[in-house]
Amino acid sequence: MQKGIIMPITDLLVRNAKLYGSDVALVEVNPEITEIRRVTWKEYELIEPNPECHYRREITWEVFDEKANRFANMLIQRGVRKGDKVGILLMNCLEWLPIYFGILKAGALAVPLNFRYTADEIKYCLDLAEVDVLVFGPEFIGRIEEIAEDISKKRLLFYVGEGCPSFAEHYDSLVANCASSAPNVTITDDDDAAIYFSSGTTGFPKAILHDHTSLMHAAKVEQKHHSQTRDDIFLCIPPLYHTGAKMHWFGSLYSGSKAVLLKGVKPKSIIETISNEGCTIVWLLVPWAQDILDAIDRGEINLADYDLSQWRLMHIGAQPVPPSLIARWKKIFPNHQYDTNYGLSESIGPGCVHLGVENINKVGAIGIPGYGWEVKIADENGNAVARGEVGELCVKGPGVMKCYYHDEKATAETLKDGWLFTGDMAQEDEDGFIYLVDRKKDVIISGGENLYPVQIEDFLRSHPAVKDVAVIGLPDKRLGEIAAAIISIKEECTCTEEEITAFCQKLPRYKRPHKIIFADVPRNPTGKIEKPKLREKYCGESLVACLLYTSDAADDLI
């Protein structure tokens, strides 16, 4: 696909509605809510919950397209024009994607917001992206109410759900009488399509601008990598505001196949939904995959109770994947294909690097350049390093962002000669497979040695009692920094600092953690470890301590 061709991502939805109109496109499943059933007893009608029947809704491709058109026409009636921005602050639900595509069909830009944002962060992002309309759900009434007086002065507020607050207008009422035909808006692949926000690991998030070329390329990449057909059913669990979840779903859009939106991450709910809905492709985060395996080991899930024969692919992204986890997975699910995907919001989510289902022998690597992508590992001057050396991972392709919106300085630091500098440190093996070493800003420099936390974390996760782990640098008077391991232990296990220390004897001495902390490991909704929170919590304590004594840790740098 070349620039200038009139082929926006919305054309795929129109095509699916024409070709597969009566087929189910989306299913919403919420295991936390049971359906209400009516039971007639003599002259009375009793209403009671049915614990065997979970809350479930579905729409066809034709209805999906009609709902998108109605919302697009409503936006246009309310004064939204091409290039305006519409924010989405919703939990995963059946309305999410039709709203997203309605925004695009109106020629506006979709601006998804992280559901964990505080009221102040919501306002910050609305201002940064110059959002004209905000669509929000019931979970956010309190947060929006805090800022409603301010943000409603220059924005329309639309509400999706029961019990519309007084400061907003109700979505259902607004779209009910709008035309279901496509609006008369011309969109090309060069047009701006969406603004996503960075995960904000270094402060307030940046606004990332993408065009329709980016979105279409993401759809094509996903379908190519996982060979999706009309027979596949994709289980989507992560939040749709994030590029990872949505761009994986784009493979379903590209192939015209069904997808299931599951609310909740309990292991039993995931397995039940795969069985009940006939899911063939499942994208998991590392903690969810670990929880499933642990639940099976504890006997909480008996696989014989479920029909999982159609499940062909399990893939993981958003974070480094411990090889020990995949070894466990393949013992229980030997017939599964496996893939891992690397990406970032600046490269329109997953797929700029991927392992490939045929490369199971390279588990541990993030893989090779994805479909239509180029990759290089660069030194500080942007020159490619020799194979085997550590450098910064850089990617180039049709899915690279246009810019950080209204941030020329950050854009210039990240985009250089068409290359996106990811901030991730990586190295390439003799076969051309890329291994993620760590985030550039997470590297620990201890006594002049570079320590890469991911390598230490992968090692510690192989301990049978370790559920999760994060390694951060703590201030040290003599060495500058020392490695500290924050370790979460499995519920059924016990472990001591002495046991972990003994286990770490297998590591080179300079890589061994000098401090062991047993605590929960915080992760964001896409599974990434929230290391800034850990540094904020533990680095202050360590800084005080290092001023009180002189470390003898240098003796271990051998």
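About the thresholds
- Residues numbered from 1 in each chain as written.
- Predicted model: local features only at pLDDT ≥ 70, side-chain atom pairs only at ≥ 80, totals over all residues.
- Heavy atoms only, no water.
- Helix = DSSP H or I, 4+ residues; strand = E, 2+ residues; numbered from the N terminus.
- Buried < 20%, exposed > 50% of the residue type's maximum accessible area, 1.4 Å probe, protein only.
- Contact = heavy atoms within 4.5 Å.
- Areas by Shrake-Rupley, 256 points an atom, 1.4 Å probe, with all protein chains shown as cover.
- pLDDT = per-residue confidence, 0-100.
- Phe/Tyr/Trp six-rings, centres within 6.5 Å; stacked < 30°, edge-to-face > 60°.
- Lys NZ or Arg CZ within 6 Å of the ring centre and 35° of its normal.
- Core = buried A, V, L, I, M, F, W, Y, C linked by side-chain atoms within 4.5 Å.
- Salt bridge = Lys/Arg side-chain N within 4 Å of Asp/Glu carboxyl O.
- Axes fitted to C-alpha atoms, helices over the stretch in contact; angles between N-to-C directions.
- Parallel < 35°, antiparallel > 145°, perpendicular 65-115°, else oblique.
- Left-handed = near helix turned anticlockwise from the far one by under 90°.
- Pairing = 2+ DSSP bridges.
- Right-handed = clockwise from strand over helix to strand, strands pointing away.

Visitor: Help me get a handle on the overall build of the protein chain, residues and values and all.
Guide: Check the secondary structure of the protein chain and you find 15 helices and 27 strands. Expressed as a percentage of the 558 residues in the protein chain, the buried residues total 56%. Taking contacts inside the protein chain between residues at least 6 apart in sequence as the whole, the part at least 24 apart equals 69%. With the model as given, the accessible surface of the protein chain reaches about 23700 Å², and the carbon-plus-sulfur share is 48%.

Visitor: Which residues make up unusual backbone geometry, and what values do they have?
Guide: Look at S227: it is not a glycine, yet its phi comes out positive at around 50°. Residue placement: S227 occurs in the loop between helix 7 (212-226) and strand 10 (233-236). Despite not being glycine, H406 has its phi angle at roughly 60°, a positive value. Of note, H406 is situated in the loop between strand 19 (403-404) and helix 12 (408-414). By relative accessible area, H406 is classed as exposed at 56%.

Visitor: I'd love a proper account of the confidence of the model for the protein chain, names of residues and values included.
Guide: Averaged over all residues, the pLDDT of the protein chain equals 87, while 87% of them reach at least 70. Scored below 50 in pLDDT, residues 1-6 makes 15 contacts in the model with residues more than four places away or belonging to other chains. Confidence drops under pLDDT 50 across residues 542-558; counting only partners more than four residues distant or on other chains, this segment forms 27 contacts.

Visitor: Before we move on, can you summarise the packing of aromatic side chains with the specific residues and values?
Guide: The geometry of an aromatic ring pair is captured by two quantities: the separation of the ring centres and the angle between the planes. In total, this model carries 16 aromatic pairs according to the counting rule given. Taking the centre distance of 5.7 Å and the plane angle of 55° together, the rings of F71 and Y171 count as tilted. Placement of F71 in helix 2 (residues 61-77) and of Y171 in helix 6 (residues 171-175) is noted, with a sequence separation of 100 residues between them. For the pair formed by F71 and Y171, the shared burial category is buried. Ring centres of F136 and Y159 lie 5.4 Å apart, and the angle between their planes is 65°; this geometry places the pair in the edge-to-face category. Residue F136 is located in strand 5 (residues 133-136), and its partner Y159 is located in strand 6 (residues 156-159); the two are separated by 23 residues in the primary sequence. Both residues of the pair, F136 and Y159, count as buried. Chaining the aromatic ring pairs together yields one cluster made of W61, F64, W96, Y100, F101, W249 and F250. It is K206 that lies over the ring of Y404; its NZ or CZ is 5.7 Å from the centre.

Visitor: Give a description of the nonpolar core that names residues and reports values.
Guide: Counting residues in each nonpolar core, the largest one holds 123 residues, and the members touching the most others are Y100, W249, F250 and L284. Filtering out sequence-adjacent residues up to four positions away, L284 remains in contact with I237, I270, A289, I292, M314, H315, I316, G317 and W329. I377, V395, A426 and L436 belong to the second-largest nonpolar core, a separate cluster that totals 21 residues.

Visitor: Now, about the pattern of salt bridges: what can you tell me, with residues and values included?
Guide: A pair can form between side chains of opposite charge whenever their charged atoms are brought close. Applying the stated criterion across every chain, the model contains 29 salt bridges. K105 is the salt-bridge partner of D65, the closest N and O atoms lying 2.4 Å from each other. Here D65, found in helix 2, pairs with K105, found in helix 3 (residues 96-105); they are 40 residues apart in sequence, far enough to count as distant. Of the charged contacts, one joins D192 and K402 as a salt bridge, the two residues approaching to 2.6 Å between their closest N and O atoms. Taken together, the residues D192 in strand 8 (residues 192-197) and K402 in the loop between strand 18 (391-396) and strand 19 connect sequence positions 210 residues apart. On the basis of relative accessible area, D192 is assigned to the partly exposed category, the value being 28%. The network of salt bridges with common partners includes K123, D127, D150, K154 and R155.

Visitor: Break down the packing of helix 1 (residues 10-19) against helix 2 for me, with residues and values.
Guide: Two elements in contact, helix 1 and helix 2, have axes separated by 8 Å at closest approach and are oriented at 135°. On the basis of their axis angle, the class for helix 1 and helix 2 is oblique. Considering the relative orientation of helix 1 and helix 2, their crossing is left-handed. Listed contacts from helix 2 to L13, V14, N16 and A17 of helix 1 are W61, E62, F64, D65 and A68.

Visitor: Quick one: what's the story with the pairing of strand 6, residue by residue and with numbers?
Guide: For strand 5 and strand 6, the ladder comprises four bridges, and the chain directions are parallel. Its bridge partner lying in strand 6, V135 is registered against F158. Handedness of the β-α-β unit built from strand 5, helix 5 (residues 141-151) and strand 6 comes out right-handed. Here strand 6 pairs with strand 7 (residues 169-170) via two bridges, running parallel. Bridge pairing in strand 7 links F158 to E169.

Visitor: An account of helix 3 is needed here, citing residue identities and associated values.
Guide: Of all 10 residues making up helix 3, 10 are buried, and the element is well covered by its neighbours. Listed as buried for helix 3 are W96, L97, P98, I99, Y100, F101, G102, I103, L104 and K105. Positioned one or two residues after helix 3, G107 has a phi angle of 80°, which is positive.

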